[in-house]
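Architecture at a glance
This is what each chain is made of:
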Amino acid sequence: RLDQYFQSVRELEGRLERSIAWENRPKPKVDYPMPKDIAELAEAMLRDPARVAVTPVASTVDRIAQRAIQVDFAAKPAVLAQLLKKEPVNRALVFTRTKHGADKVVKSLAKAGIEANAIHGNKSQNHRERTLAAFRSGEIRTLVATDIAARGIDVDGVSHVVNFDFPDQIEDYVHRIGRTGRAGKSGEAVNLVSLDEEGFMMDIERFTKQEIPVQLL
């Protein structure tokens, strides 16, 4: 438990205070966005700590051009294939909500003549590693993934992130599109929005405080 952990740390702090001349230590100025108890503990135990500013989860990178495409759910595979063929895609990361959905997208893209592969929890570790290596090298330019499987993916040169399905949590949307627009480069975040997903799209706009332009087909 977290409270037991901090109790143990405070006991250790007491022992240190009795063995070290703490009255002469420099007092760092601590200004962390964290709970008060943890901030007080950090101030008492750290000397000249380095400060790391983390971008709030609701922030989206200015270099990422976001847009939404209104489309019937059944037409999403065809629209995705058209998008990948017409736009200057270096590498595209396509997100689906489910493992089964990821496999279906890969099959539909194959029928359209687009090579893609999927990573998700039902794939073996060796398969995931080989697929990521192929994606990094450019051998495969389209990777389809679920949110859980995509955690930890750090691949340069992702020009497009496509939300084939929306995530279950709004915060995950920001994490998804943050896979593009890295290292000073621009990126595209494309949302395929069916009628029943329009409400979620509005929630994302409120959460990120950004209006996402809508493209009609």
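Attention in this report is confined to the structure presented alongside it. (Residues numbered from 1 in each chain as written. Predicted model: local features only at pLDDT ≥ 70, side-chain atom pairs only at ≥ 80, totals over all residues. Heavy atoms only, no water.)

Digging into the overall build of the protein
The helix and strand inventory of the protein stands at eight helices and seven strands. Looking at the 217 residues of the protein, the share that counts as buried comes to 41%. Considering only contacts in the protein between residues 6 or more positions apart, those separated by 24 or more positions represent 71%. Accessible surface, the protein: about 13100 Å² in total, of which carbon and sulfur atoms supply 51%. (Helix = DSSP H or I, 4+ residues; strand = E, 2+ residues; numbered from the N terminus. Buried < 20%, exposed > 50% of the residue type's maximum accessible area, 1.4 Å probe, protein only. Contact = heavy atoms within 4.5 Å. Areas by Shrake-Rupley, 256 points an atom, 1.4 Å probe, with all protein chains shown as cover.)

Brief notes about the pairing of strand S6 (residues 187–193)
A regular strand places its side chains on the two faces of the sheet in alternate fashion. Of all the seven residues making up S6, six are buried; the element is thus mostly covered by neighbouring parts of the structure. Taken together, the four bridges between strand S5 (residues 160–163) and S6 define a ladder with parallel strand orientation. When the bridges of S6 are listed, Val162 appears paired with Val190. (Pairing = 2+ DSSP bridges.)

Overview of the pattern of salt bridges
Summed over the entire model, instances satisfying the criterion amount to seven salt bridges. Of the charged contacts, one joins Asp168 and Arg97 as a salt bridge, the two residues approaching to 3.2 Å between their closest N and O atoms. Of this pair, Asp168 sits in the loop between S5 and helix H7 (170–177) while Arg97 sits in the loop between strand S2 (92–95) and helix H4 (99–111), and the two are 71 residues apart along the sequence. Using a relative accessible area of 38% as the deciding quantity, one classes Arg97 as partly exposed. Across the pair Asp103 and Lys123 runs a salt bridge, and its minimum N-O distance is 3.6 Å. In this pair, Asp103 sits in helix H4 while Lys123 sits in the loop between strand S3 (117–119) and helix H5 (125–137), placing the two residues 20 residues apart along the sequence. Residue Asp103 is classed as partly exposed on the basis of its relative accessible area of 24%. Among the charged side chains, a network of salt bridges with common partners joins Arg67, Glu87 and Glu188. (Salt bridge = Lys/Arg side-chain N within 4 Å of Asp/Glu carboxyl O.)

Observations regarding unusual backbone geometry
What you tend to see is this: most non-glycine residues have negative phi, and most peptide bonds are trans. Although it is not a glycine, Lys209 sits at a positive phi angle of roughly 60°. On the secondary structure map, Lys209 appears in the loop between helix H8 (198–208) and strand S7 (214–216). Judged by relative accessible area, which is 73%, Lys209 ranks as exposed.

Examining the environment of Asp172
By the element assignment, Asp172 lies in helix H7. By relative accessible area, which is 22% here, Asp172 ends up partly exposed. When the C-alpha positions of Asp172 and Asp147 are compared, they lie 7.7 Å apart, and in sequence the two are 25 residues distant. Other than its neighbours up to four places away in sequence, Asp172 contacts Asp147 and Pro167.

Notes on H7
Those residues of H7 that fall on the buried side of the exposure criterion are Ile170, Tyr173, Val174, Arg176 and Ile177. Down the axis of H7, the sector holding all buried residues measures 160°, keeping them to one side. Residues of H7 that are buried in the fold lie against strand S1 (64–70), S2, helix H6 (147–150), S5, S6 and H8. (Arc of directions from axis to C-beta.)

Things to note about the packing of aromatic side chains
The tally for this structure, following the rule as stated, stands at one aromatic pair. Measuring from centroid to centroid gives 5.5 Å for Phe166 and Phe200, while their planes differ by 50°, and the two rings are tilted. Here the residue Phe166 occupies a position in the loop between S5 and H7, and Phe200 occupies one in helix H8, the gap between them amounting to 34 residues. Of the two residues examined, Phe166 and Phe200, each falls in the buried class. Sitting over the face of the ring of Phe164, Lys76 holds its NZ or CZ atom 5.7 Å from the ring centroid. (Phe/Tyr/Trp six-rings, centres within 6.5 Å; stacked < 30°, edge-to-face > 60°. Lys NZ or Arg CZ within 6 Å of the ring centre and 35° of its normal.)

Overview of the pairing of S1
A large share of S1 lies buried, amounting to five of its seven residues. Where S1 and S6 come together, seven bridges link them in parallel fashion. The residue bridging Ile64 from the neighbouring strand is Gly187, located in S6.

Describing the environment of Lys185
Counting through the fold element by element, Lys185 comes out in the loop between H7 and S6. Separated by 122 residues in sequence, Lys185 and Arg63 place their C-alpha atoms 7.1 Å apart.

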